[in-house]
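# Fold and geometry: a report
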Protein chains: 2
Amino acid sequence: MKHNVFYILAGITMCLLITACNPPDQKATGNSIVLADQGSFAIGGTIVKSAGTFDPVNHGAFNPSNQATEGQTLHGDHAYVFYQIPKTPRQLPLVFWHGYGQSAKTWETTPDGRDGFQTIFLRKNFPVYLLDQPGRGRAARRSLPITIPAATDEQLWFGIFRMGTDTTFYPGVQFSKDPEALNQFYRQMVPNTGPFDATVNIAAVSALFDKIGKGILVTHSHSGGQGWSTAIKNRNIKAIVAYEPGSGFVFPNQELPDSIPYLGGVLRASGVPEADFLQLTKIPIIIYYGDYIPTEPTQNPGQEQWRAALSMAKLWRDAVNKKGGDVTLVYLPDIGIKGNTHFPMSDLNNEAIADLMFNWIKEKGLEK
Amino acid sequence: MKHNVFYILAGITMCLLITACNPPDQKATGNSIVLADQGSFAIGGTIVKSAGTFDPVNHGAFNPSNQATEGQTLHGDHAYVFYQIPKTPRQLPLVFWHGYGQSAKTWETTPDGRDGFQTIFLRKNFPVYLLDQPGRGRAARRSLPITIPAATDEQLWFGIFRMGTDTTFYPGVQFSKDPEALNQFYRQMVPNTGPFDATVNIAAVSALFDKIGKGILVTHSHSGGQGWSTAIKNRNIKAIVAYEPGSGFVFPNQELPDSIPYLGGVLRASGVPEADFLQLTKIPIIIYYGDYIPTEPTQNPGQEQWRAALSMAKLWRDAVNKKGGDVTLVYLPDIGIKGNTHFPMSDLNNEAIADLMFNWIKEKGLEK
């Protein structure tokens with residue numbers, strides 16, 4: 001009898017211990033995140049040097065009103081990258097590239113304080129690399145000067161980011177009505193700290209893929225078009241997930257579609273050599289757009305540019321697929337997912353948005 | 001006998017399981033880092049609104065050459081914070097505040113690719129908060145405009161940061177001679193994205209301590225003086241570790257020491273009301289300086305400003321301690337630690353530098 005009690009106690013204790021410690025992956029620790037490593041680095045960039053000779057005695061003190069520059073260098077035009085490697089990593093890392101007016105913050109904590117894609121995909125055991133492109137955030141050092149105007153422009157962006165119009169949210173929008181969420185959302189915007197230059201950005205992101213090897217590129221908005229160009233340049237990009245690409249759709253030079261006019265501008269296709277274009281047929285690509293994109297011209301400029309972008313994206317999907325590519329275009333309301341803004345990765349339903357992305361990666365066999 | 005074998009096996013199995021799972025801290029997983037949570041947010045800041053009325057139809061399209069600003073807002077002047085909470089956290093988090101020309105990158109991976117204080121102290125089970133002050137990095141949005149000159153000035157900083165002179169390292173300097181390390185070091189510099197304003201910075205960091213509660217503030221260089229002022233403002237700062245504070249030493253208005261001239265400038269003390277000054281006597285404070293700081297005037301401006309700073313720091317230590325404070329000043333070569341630059345937290349011996357800091361925190365009973 002004494003023995004039997006021991007058996008039972010030992011069994012229960014062992015089960016508890018086993019439950020607590022096994023399997024040794026992210027699930028084992030409940031909500032914990034187990035990292036093998038994390039860190040940050042600069043990648044790519046240029047070095048400029050001024051003519052003349054540096055005089056360390058007479059020009060070696062900081063003089064904010066009249067700083068000597070002769071014979072000195074500037075390292076700029078690089079990207080900044082913060083990476084995290086889970087303890088049991090999948091083979092292909094995810095590289096997250098933000099959009100216009102944004103930094104890597106786009107992929108971190110959501111405006112209403114929940115996990116962003118950085119942590120969601122880390123919990124799914126993907127190595128994650130978040131970048132600030134040259135001239136943004138922690139990659140602010142550029143080789144050319146700029147004036148930052150500190151312009152009041154947030155209601156413009158509220159419209160373009162399809163939260164609503166002026167200060168009124170669209171009905172059913174997937175964004176918290178807690179004023180602190182909008183406060184956080186506005187504060188994740190950052191200015192350009194140098195003249196925008198897609199060539200500089202593409203060079204830095206391509207250098208990142210040279211360093212880390214094969215991976216999946218995840219773009220947002222303005223980085224969408226730059227993402228196609230980076231994949232043409234670098235064979236280590238094995239798939240692209242593009243949230244709401246806005247411009248920079250590349251077509252073969254001889255097969256450019258007509259430009260698409262919209263209220264406030266005109267969206268033009270970009271031409272590349274046929275051989276470059278064909279690179280885009282060699283990797284799977286998925287494109288997602290959120291809600292509130294009209295099919296016909298309207299008097300809402302915040303929606304109009306996305307009507308043009310979505311129309312161009314359809315032409316682009318068809319052009320790539322016609323030549324043997326594998327591009328999927330998802331307008332989220334078409335699959336019953338409604339209310340998404342221009343930032344599906346941080347909207348209230350971002351876990352469901354992440355699941356869609358994860359399932360597509362699995363479909364393509366890239367989750368190993 | 002059958003029973004005895006089971007006892008032994010059960011005992012061994014349980015021990016193995018216990019060894020594998022207990023203690024449930026960072027050591028249990030070898031080199032892994034186990035996080036309960038991580039994320040980022042903006043803190044503090046201002047909101048400005050332009051006069052007039054926003055016109056979403058006629059001004060709702062992006063116009064980079066002539067953007068309308070009427071009736072629109074700008075959220076700026078906040079800090080950006082990235083935090084990580086270990087699974088078994090100590091009570092007091094560490095808040096890391098960078099210096100001039102820097103962002104939170106200062107505390108991340110070192111220029112030669114090793115763990116920085118962010119990860120070193122996370123492994124020691126401290127919650128860590130890394131901030132970009134208003135007008136730097138991911139907190140780039142300010143409410144006032146600025147022109148970024150993109151000046152070639154790195155040999156100036158090579159001197160001021162006490163790596164060496166011009167392009168020649170000091171003998172014995174704790175900095176990797178791999179050229180990639182210097183490349184990374186230069187690329188962690190970021191410009192001001194608005195006019196520097198200590199009041200704005202102090203308000204944002206104080207707001208952070210309002211949000212997170214009690215903690216230990218870790219400053220570097222330019223944030224040193226701002227750190228004293230933040231501790232006067234906010235009682236949640238329970239200790240300060242200051243690496244190489246350069247200016248902003250506050251004394252009672254009636255007890256200001258003489259200014260200290262040096263080659264290239266003059267270091268002045270700042271006056272505060274006696275009651276404010278006395279706040280600094282209520283928390284333990286430690287100050288560390290690296291190597292290559294002369295005791296007598298020289299013709300090396302990169303060293304001269306630190307001769308002035310170290311001299312002022314000694315006066316400041318004595319002034320605080322005379323009124324009952326607990327300030328320790330460590331010139332690292334005096335305790336046999338040589339070759340440190342202005343960045344001890346990322347120098348080659350940064351693990352030893354971290355141990356010094358950790359031991360001091362333990363001495364003060366703040367490691368619980």
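Residues numbered from 1 in each chain as written. Chains lettered and ligands numbered in written order. Predicted model: local features only at pLDDT ≥ 70, side-chain atom pairs only at ≥ 80, totals over all residues. Heavy atoms only, no water.

What follows concerns the overall build of chain A. A count of helices and strands for chain A gives 9 helices and 17 strands. Dimensions of chain A, computed from the C-alpha atoms along their principal axes, are close to 90 × 65 × 45 Å. Out of the 368 residues in chain A, the part that is buried amounts to 60%. Here the contacts in chain A between residues at least 6 apart in sequence split such that 75% fall between residues at least 24 apart. When the accessible area of chain A is evaluated, it comes to approximately 13700 Å², of which 55% is carbon and sulfur surface. In chain A, 32 side chains carry a positive charge and 32 a negative one; their mean positions are 7 Å apart. (Helix = DSSP H or I, 4+ residues; strand = E, 2+ residues; numbered from the N terminus. Buried < 20%, exposed > 50% of the residue type's maximum accessible area, 1.4 Å probe, protein only. Contact = heavy atoms within 4.5 Å. Areas by Shrake-Rupley, 256 points an atom, 1.4 Å probe, with all protein chains shown as cover. Lys, Arg positive; Asp, Glu negative; His and termini not counted. Charge placed at Lys NZ, Arg CZ, Asp CG, Glu CD.)

Here we come to the domain arrangement of chain A. The domains assigned to chain A are domain 1 (1-32) and domain 2 (35-363). Each of domain 1 of chain A and domain 2 of chain A has a C-alpha centre, and the two are 45 Å apart. (Domains from an automatic or database assignment.)

According to the stated counting rule, one finds 53 aromatic pairs over all chains in the structure shown. Aromatic side chains Phe96(B) and Phe117(B) sit 6.5 Å apart centroid to centroid with 70 degrees between the ring planes, which places their arrangement in the edge-to-face category. Taken as a pair, Phe96(B) in strand 5 (residues 94-97) and Phe117(B) in helix 2 (residues 117-123) lie far apart in primary sequence, 21 residues in all. Take Phe117(B): its relative accessible area is 0%, and that puts it in the buried class. Joined through ring pairs, the aromatic side chains of Phe62(A), Tyr100(B), Trp157(B), Phe158(B), Phe161(B), Phe169(B), Phe175(B), Phe185(B), Tyr186(B) and Phe343(B) make up one cluster. In this arrangement the basic side chain of Lys177(A) is found over the ring face of Phe169(A), its NZ or CZ atom lying 5.2 Å from the centre. If you follow Lys211(A) out to its NZ or CZ, it ends over the ring of Phe41(A), 4.7 Å from the centre. (Phe/Tyr/Trp six-rings, centres within 6.5 Å; stacked < 30°, edge-to-face > 60°. Lys NZ or Arg CZ within 6 Å of the ring centre and 35° of its normal.)

The subject of this paragraph is the packing of helix 5 (residues 198-212) of chain A against helix 6 (residues 222-233) of chain A. All names here are of chain A. At a minimum axis distance of 9 Å, the contact between helix 5 and helix 6 shows a crossing angle of 50 degrees. Here helix 6 runs oblique to helix 5, going by the angle between their axes. At the point where helix 5 passes helix 6, the crossing takes the right-handed sense. Contacts from Ala 198, Asn 201, Ile 202, Ala 203, Val 205 and Ser 206 in helix 5 reach Gln 226, Ser 229, Thr 230 and Lys 233 in helix 6. Among the residues forming the contact of helix 5 with helix 6, the class breakdown is 4 nonpolar, 5 polar and 1 charged. (Axes fitted to C-alpha atoms, helices over the stretch in contact; angles between N-to-C directions. Parallel < 35°, antiparallel > 145°, perpendicular 65-115°, else oblique. Left-handed = near helix turned anticlockwise from the far one by under 90°. Nonpolar A, V, L, I, M, F, W, Y, C, P; charged D, E, K, R; others polar.)

Each of the two chain copies goes to the other by way of a rotation about an axis and a shift along it. Under the fitted operation, chain A is carried onto chain B by 0.0 Å of movement along the axis and a turn of 180 degrees, and the coordinates agree to an RMSD of 0.0 Å. Both copies of the chain, as the preceding transformation shows, are related through a two-fold rotation axis. The fraction of interface residues of chain A whose copies in chain B are also interface residues reaches 100%, indicating that both copies meet through the same surface. (Least-squares fit on C-alpha atoms with pLDDT ≥ 70 in both.)

The biggest cluster of nonpolar side chains holds 193 residues, and the ones touching the most others in it are Trp316(A) and Trp316(B). Those residues in contact with Trp316(B), other than ones at most four positions away along the chain, are Trp228(B), Phe249(B), Val250(B), Phe251(B), Phe277(B), Leu280(B), Ile285(B), Ile287(B) and Val327(B). (Core = buried A, V, L, I, M, F, W, Y, C linked by side-chain atoms within 4.5 Å.)

What follows deals with the environment of Pro297(B). Residues and elements named next belong to chain B. Residue position: Pro 297 is located in the loop between strand 16 (284-289) and helix 8 (301-322). On the basis of relative accessibility, which here comes to 57%, the residue Pro 297 falls in the exposed class. Between the alpha carbons of Pro 297 and Arg 307 there is a distance of 7.7 Å; along the sequence they are 10 residues apart. Residues in contact with Pro 297, not counting those within four places in the same chain, are Glu 304 and Arg 307.

At the junction of the two partners, chain A supplies 95 residues and chain B supplies 95 residues. Carbon and sulfur atoms make up 55% of the surface buried where chain A meets chain B, a total of about 7900 Å² over both sides. If you sort the residues of chain A by the area they bury against chain B, Arg138(A), Thr152(A) and Arg187(A) come out on top, with a joint share of 12%. At the junction of chain A with chain B, the criterion picks out 8 salt bridges. Here Arg141(A) ties to Glu154(B) by a salt bridge, and the two come within 3.8 Å at their closest N and O atoms. The interface formed by chain A and chain B holds 53 residue pairs in polar contact (both at pLDDT 80 or more) in total. Taken together, the residues that form the side of chain A that touches chain B break down as 43 nonpolar, 39 polar and 13 charged. As paired elements, strand 1 (residues 33-43) of chain A and strand 1 (residues 33-43) of chain B share 3 bridges and run antiparallel to each other. When the bridges of strand 1 of chain B are listed, Val34(A) appears paired with Val34(B). (Buried area = accessible area lost by both parts, 1.4 Å probe. Salt bridge = Lys/Arg side-chain N within 4 Å of Asp/Glu carboxyl O. Polar contact = N/O pair within 3.5 Å; in protein donor to acceptor, adjacent residues only side chain to side chain. Pairing = 2+ DSSP bridges.)

So, on to the environment of Lys368(A). Residue and element names in this part refer to chain A. Relative to the helices and strands, Lys 368 is located in the segment after helix 9 (350-363). Residue classification places Lys 368 among the exposed residues on the basis of a relative accessible area of 54%. Separated by 30 residues in the primary sequence, Lys 368 and Lys 338 place their C-alpha atoms 31 Å from one another. Excluding its chain neighbours within four sequence positions, the residues that come into contact with Lys 368 are Arg 90, Gln 91 and Leu 92.

Time to look at the pairing of strand 10 (residues 215-220) of chain A. Residues and elements named next belong to chain A. Across the 6 residues of strand 10, 6 count as buried, placing the element largely inside the fold. Across the two faces of strand 10 the burial is the same, with Gly 215, Leu 217 and Thr 219 and Ile 216, Val 218 and His 220 all buried. The pairing of strand 5 (residues 94-97) with strand 10 spans 4 bridges and is classified as parallel. Counterpart to Leu 94 in the pairing with strand 10 is Ile 216. A crossover links strand 10 with its parallel partner strand 11 (residues 237-243), the connecting element being helix 6, and its sense is right-handed. (Right-handed = clockwise from strand over helix to strand, strands pointing away.)

Looking now at a positive patch on the surface. A surface patch of positive charge is lined by Lys214(B), Arg235(B), Lys238(B) and Lys282(B). Topologically, Lys214(B) is positioned in the loop between helix 5 (198-212) and strand 10 (215-220). (Patch = residues over 30% accessible without salt bridge, like charges linked within 9 Å, V, L, I, M, F, W, Y side chains within 5 Å.)

Throughout the structure, instances matching the rule amount to 30 salt bridges over all chains. In this structure, Asp153(A) engages Arg141(B) in a salt bridge whose closest nitrogen and oxygen atoms are separated by 2.7 Å. Within this pair, whereas Asp153(A) is found in the loop between strand 7 (146-148) and helix 3 (154-160), its partner Arg141(B) is found in the loop between strand 6 (128-132) and strand 7 (146-148), the two belonging to separate chains. Looking at Arg141(B), the relative accessible area reads 10%, which means it is buried.

Looking now at helix 4 (residues 179-187) of chain A. Residues and elements named next belong to chain A. The buried count for helix 4 comes to 7 of 9 residues, which makes it a mostly enclosed element. Every buried residue of helix 4 is accounted for by Ala 181, Leu 182, Asn 183, Gln 184, Phe 185, Tyr 186 and Arg 187. Two or three places before Glu 180, at the opening of helix 4, Asp 178 has a side-chain oxygen 2.9 Å from that residue's backbone nitrogen.

What follows is about helix 6 of chain A. Residues and elements named next belong to chain A. Under the 1.5 Å per step criterion, the end-to-end length of helix 6 is 18 Å for 12 residues, consistent within 8% with the ideal 16 Å. Here helix 6 lies mainly inside the structure; 9 of its 12 residues are buried. Within helix 6, burial applies to Ser 223, Gly 224, Gly 225, Gln 226, Gly 227, Trp 228, Thr 230, Ala 231 and Ile 232. (Expected span 1.5 Å × (residues − 1).)

A few words on unusual backbone geometry. Residue and element names in this part refer to chain B. Positive phi, close to 55 degrees, is recorded for Ala 150, a residue that is not glycine. Structurally, Ala 150 can be placed in the loop between strand 7 and helix 3 (154-160). On the basis of relative accessibility, which here comes to 15%, the residue Ala 150 falls in the buried class. Here the phi dihedral of Asp 166 falls at roughly 60 degrees; this positive angle occurs in a residue that is not glycine. Position of Asp 166 relative to the elements: it lies in the loop between strand 8 (164-165) and strand 9 (168-169).

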